[in-house]
Amino acid sequence: MSAPERIPPHPGVTVDEALEHGELTIHGRIPDASNAVLYATAELAGRRVPCVYKPVAGERPLWDFPDGTLAQREVAAYEVCRALGWDAVPPTVLREGPLGTGMCQLWVGPAPDEADDVDPEAVSEAVSDEDEQEGDEDGEGSPSLLALVEADRPEPGWKAVGRAEVGEGRTALLVHADDDRLRRIAALDAVINNGDRKGGHLLPLPDGRLYGIDHGVTFHTEDKLRTLLWGWAGEPLPTAVLTALRGLQAELADDRPLFARLLTLLTEAECRALRDRTAALLSSGRHPLPGGEWPAIPWPLV
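Residues numbered from 1 in each chain as written. Predicted model: local features only at pLDDT ≥ 70, side-chain atom pairs only at ≥ 80, totals over all residues. Heavy atoms only, no water.

With respect to the overall build of the protein
For step 1, the next point in the chain: Broken down by element type, the protein carries 7 helices and 10 strands.
For step 2, the next point in the chain: Per-residue burial over the protein gives 48% buried out of 302 residues.
For step 3, the next point in the chain: Residue pairs in contact within the protein that sit at least 24 positions apart in sequence constitute 68% of those at least 6 positions apart.
For step 4, the next point in the chain: Total accessible area on the protein is roughly 14300 Å²; 50% of this is exposed by carbon and sulfur atoms. (Helix = DSSP H or I, 4+ residues; strand = E, 2+ residues; numbered from the N terminus. Buried < 20%, exposed > 50% of the residue type's maximum accessible area, 1.4 Å probe, protein only. Contact = heavy atoms within 4.5 Å. Areas by Shrake-Rupley, 256 points an atom, 1.4 Å probe, with all protein chains shown as cover.)

In structure tokens form, the structure reads like this:
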């Protein structure tokens, strides 16, 4: 695959506008996804944007989340990230598409090889596939950000998460990079209560950008935080992160447009829980610790 390219600017049409209002064309299904995840393009006024389309009809029910709400949660995660002033979640909108209402998100990276010459009948089956599948939905993650090492403690520049089984009764130390971009994503996950931060949901690009994707399992009112980014647990939040959190807190006031927008995507209780988590982080000034009532690390790791 060739290196990903930035989408060039286009007079009068933003990426968000193209995603929300452009003609959506499905090119294929992304394999090994637990929900229907489709590679598509959105075209508006001559601007063609590659994207991920996840129709609500293709969401598998979860025991602890209301049915048909994952797409809205993905959009809410983008809105919160943008309010923090961070470019860590690709532009994401809620829109109508060929398979009904769904989430549409800017595709990050090269187009998938599997999306070429897809059978239209196979695409229509994407919203009814009941196969149990696990794995990365939109990317393969990066070995430069996460690693399993045969050591008792991490090397400089790395943070320890904990020991993980690697087969045949052996364990290895799970570590992640001590990277400011990852640290912002760890703080974002704490705010949105992300229950599924796996390695495959972290997409670094050659130009230094780092995106987090797959934010459907978020914003629950109960503590659901599951992540591979526990290396800073209990440590003070950086000054820049605290500043971003203060800005978000201001935008979560009842009379602010962000709060009104989130109320169209989440329940009022979930919006107020988001506000409470933001206030709690600012009050403690520290990265959160695992809650203890929910598995702290998602599985599989990727």
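Next, the rest of the story.
Some remarks on the sheet that holds strand E3 (residues 47-55)
For step 1, the next point in the chain: Strand order in this open sheet of 5 strands is E1-E2-E3-E5-E4, and the pairing throughout is antiparallel. Edge positions in the sheet fall to strand E1 (23-29) and strand E4 (92-97), since each has one partner strand and no second. When strand polarity is set aside, the average angle formed by the axes of neighbouring strands in this sheet is 40°.
For step 2, the next point in the chain: With respect to the sheet, helix H2 (residues 70-83) is in contact with E3, E4 and strand E5 (100-106), its orientation differing from that of E4 by roughly 145°. (Pairing = 2+ DSSP bridges. Axes fitted to C-alpha atoms, helices over the stretch in contact; angles between N-to-C directions.)

Regarding the packing of aromatic side chains
Working definition: an aromatic ring pair is given by the centre-to-centre distance plus the angle between the planes.
For step 1, the next point in the chain: Tallying each qualifying case throughout the model produces 1 aromatic pair.
For step 2, the next point in the chain: Geometrically, the ring pair formed by Tyr 39 and Trp 107 is edge-to-face, given 5.0 Å between the ring centres and 80° between the ring planes. Here Tyr 39 is found in strand E2 (residues 38-44), whereas its partner Trp 107 is found in the loop between E5 and helix H3 (120-124), with 68 residues between them in sequence. Comparing Tyr 39 with Trp 107, the two get one shared label, buried.
For step 3, the next point in the chain: Cation over ring: Arg 275 sits above Phe 259, and NZ or CZ is 4.5 Å from the ring centre. (Phe/Tyr/Trp six-rings, centres within 6.5 Å; stacked < 30°, edge-to-face > 60°. Lys NZ or Arg CZ within 6 Å of the ring centre and 35° of its normal.)

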